[in-house]
Amino acid sequence: MPHATAPPATGHRPRWWTELPLIAVVYALYSVGRLLVRGDVSTAVDNGLAILRFEQALYLNAEHPLNRLFTSTPSIGIPADFAYASLHYVVTPAVLVWLFRRRSAAYRAARVWLMNSTLLGLVGFTLMPTCPPRLLDASHGFVDTMAQYSAYGWWGEGASAPRGLSGMTNQYAAMPSLHVGWSLWCGILLWRHGRHPLIRAAGIAYPLITTIVVMGTANHYFLDAFAGAAVMGLGALLVKPVIRFADGVKARLAGVLPGGLLGGRKRGGASTAAGSIPATMSPDVATVSPDVSAGCKTSTGERIPGQRTTSADPPGTAVGGAAARDAADADASDDAPAAAR
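Residues numbered from 1 in each chain as written. Predicted model: local features only at pLDDT ≥ 70, side-chain atom pairs only at ≥ 80, totals over all residues. Heavy atoms only, no water.

## What about helix α2 (residues 16-36)?
Then comes step 1: Taking 1.5 Å of rise per residue, 21 residues should cover 30 Å, and α2 covers 30 Å from first to last C-alpha, within 8% of that figure.
Then comes step 2: Among the residues making up α2, those that are buried are Glu-19, Val-26, Tyr-30 and Gly-33. Projected down its long axis, α2 carries its buried residues within an arc of 75 degrees, all on one side. Turned more than 90 degrees away from the buried face of α2, the exposed residues are Trp-16, Trp-17, Leu-20 and Leu-36.
Then comes step 3: Against α5 (74-102), α6 (104-127) and α8 (178-193) lie the buried residues of α2. (Helix = DSSP H or I, 4+ residues; strand = E, 2+ residues; numbered from the N terminus. Expected span 1.5 Å × (residues − 1). Buried < 20%, exposed > 50% of the residue type's maximum accessible area, 1.4 Å probe, protein only. Arc of directions from axis to C-beta. Contact = heavy atoms within 4.5 Å.)

Below, the structure is given as structure tokens:
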């Protein structure tokens, strides 16, 4: 995804005290929005059955054999449940922090990409509430592995939510699968910016394992996973327009707000904020022509019209600087000969 991972040409170096609240606010809005967009249960079930029938018609329904494997083999099903319930909360922030600390040039585009895709996922939950396979009637052949192995983890029968908190999650927010989408985001960034072969191998393995886990635990259909990848692709295409829009808003605010409120430290230590001009210097004085020296002294051999010269100087040579001031003081002294006045 070159549009989403290429570093911007210019911009402020990210600061954790501005990034952390921004990410927290966006995730809070996503979580609240996910709860508020709960659709009708019958509609969600109809959508889930339509997806299942479509997959069966195209022989894409890998969910059944994977779910039977996870159900019959605890050594696979239990680790898969732990992975489903926890990894997206751990790996995604870890990759974001790694980019912030080690690959800061690519961090902003990656963060915008993640936020774009997450908000697009929220649109999908709103437009198409979908019943996951585990909540379908048992006659459809699916077993909720998280309910089956709930004695081994912190979750109950409400997906990955802790026991007693299933009401705090929207179990019909299955299309698209952001478990798969976020894992794909992590995988691409690890592959693109990782230098060690193990990191790059993890970038390939993580999204593939996540896709198998979400289907084997009966939390998502294959088409949910496909939609999660599609949402990440669309989010990547929107990175540059969103960054341009954000920069334009920031530029307009910089012209309205007092200098320094938006920060002025650029990469390389340069500062362009209005607050970078000393308080004792007006903006007109701060902008000095390169043709004028800092001390407003004349160059060698240059003579200001009407300026006197000493007899020791060659004709046309101006007396400047401290020597000129000393000579002028001596001329004006009362003890100097009258001829010198």
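Continuing now.
## Describing the packing of aromatic side chains
Then comes step 1: The tally for this structure, following the rule as stated, stands at eight aromatic pairs.
Then comes step 2: Here the aromatic rings of Tyr-30 and Phe-125 are separated by 6.5 Å at their centres, their planes lie at 50 degrees, and the arrangement is tilted. Residue Tyr-30 is found in helix α2, and its partner Phe-125 is found in helix α6; the two are separated by 95 residues along the sequence. Like Phe-125, Tyr-30 is buried.
Then comes step 3: Taking the centre distance of 5.2 Å and the plane angle of 85 degrees together, the rings of Phe-100 and Tyr-107 count as edge-to-face.
Then comes step 4: According to the relative accessible area criterion, Tyr-107 is buried, its value standing at 2%. (Phe/Tyr/Trp six-rings, centres within 6.5 Å; stacked < 30°, edge-to-face > 60°.)

## Considerations on unusual backbone geometry
Then comes step 1: Following Met-175, the chain continues into Pro-176 via a peptide bond in cis, with omega recorded as 5 degrees.
Then comes step 2: As for its placement among the helices and strands, Pro-176 is situated in the loop between α7 (145-148) and α8.
Then comes step 3: For Tyr-59, which is not glycine, the phi torsion reads 55 degrees and is therefore positive.
Then comes step 4: Its location among the elements puts Tyr-59 in the loop between α3 (41-57) and α4 (63-72).

## Remarks on the packing of α8 against helix α10 (residues 222-237)
Then comes step 1: The geometry of α8 relative to α10 is characterised by a closest axis approach of 7 Å and an angle of 50 degrees between their N-to-C directions. Comparing the axis directions of α8 and α10 gives the class oblique. When you trace α8 past α10, the crossing you get is right-handed. Between α8, through Val-180, Gly-181, Trp-182, Leu-184 and Trp-185, and α10, the contact on the second element is made entirely by Ala-225, Gly-228, Ala-229 and Met-232.
Then comes step 2: Split by residue class, the contact of α8 with α10 holds seven nonpolar, two polar and no charged. (Axes fitted to C-alpha atoms, helices over the stretch in contact; angles between N-to-C directions. Parallel < 35°, antiparallel > 145°, perpendicular 65-115°, else oblique. Left-handed = near helix turned anticlockwise from the far one by under 90°. Nonpolar A, V, L, I, M, F, W, Y, C, P; charged D, E, K, R; others polar.)

## Considerations on α10
Then comes step 1: Its 16 residues place the ends of α10 23 Å apart at the C-alpha level, agreeing with the 22 Å of an ideal helix rising 1.5 Å per residue.
Then comes step 2: Buried within α10 we find Leu-223, Asp-224, Ala-225, Ala-227, Gly-228, Val-231, Met-232, Gly-233, Gly-235 and Ala-236.

## So, the packing of α4 against helix α9 (residues 197-216)
Then comes step 1: Closest axis-to-axis distance for the α4/α9 pair is 8 Å, and the angle between their directions is 80 degrees. As judged from the angle between their axes, α4 and α9 are roughly perpendicular. Facing Glu-63, Leu-66, Asn-67 and Phe-70 of α4, the residues of α9 in contact are Ile-212, Val-213, Met-215 and Gly-216.
Then comes step 2: In terms of residue class, the contact of α4 with α9 is built from five nonpolar, two polar and one charged.

## What to know about the nonpolar core
Then comes step 1: Counting residues in each nonpolar core, the largest one holds 26 residues, and the members touching the most others are Val-95, Leu-99, Trp-113, Trp-185 and Leu-189.
Then comes step 2: Elements supplying a minimum of two residues to this core: α5, α6, α8, α10 and α11 (239-254).
Then comes step 3: At eight residues, α6 tops the list of elements feeding residues into this core.
Then comes step 4: If we skip the residues at most four places from it in the chain, Val-95 touches Trp-185, Cys-186, Leu-189 and Leu-190. (Core = buried A, V, L, I, M, F, W, Y, C linked by side-chain atoms within 4.5 Å.)

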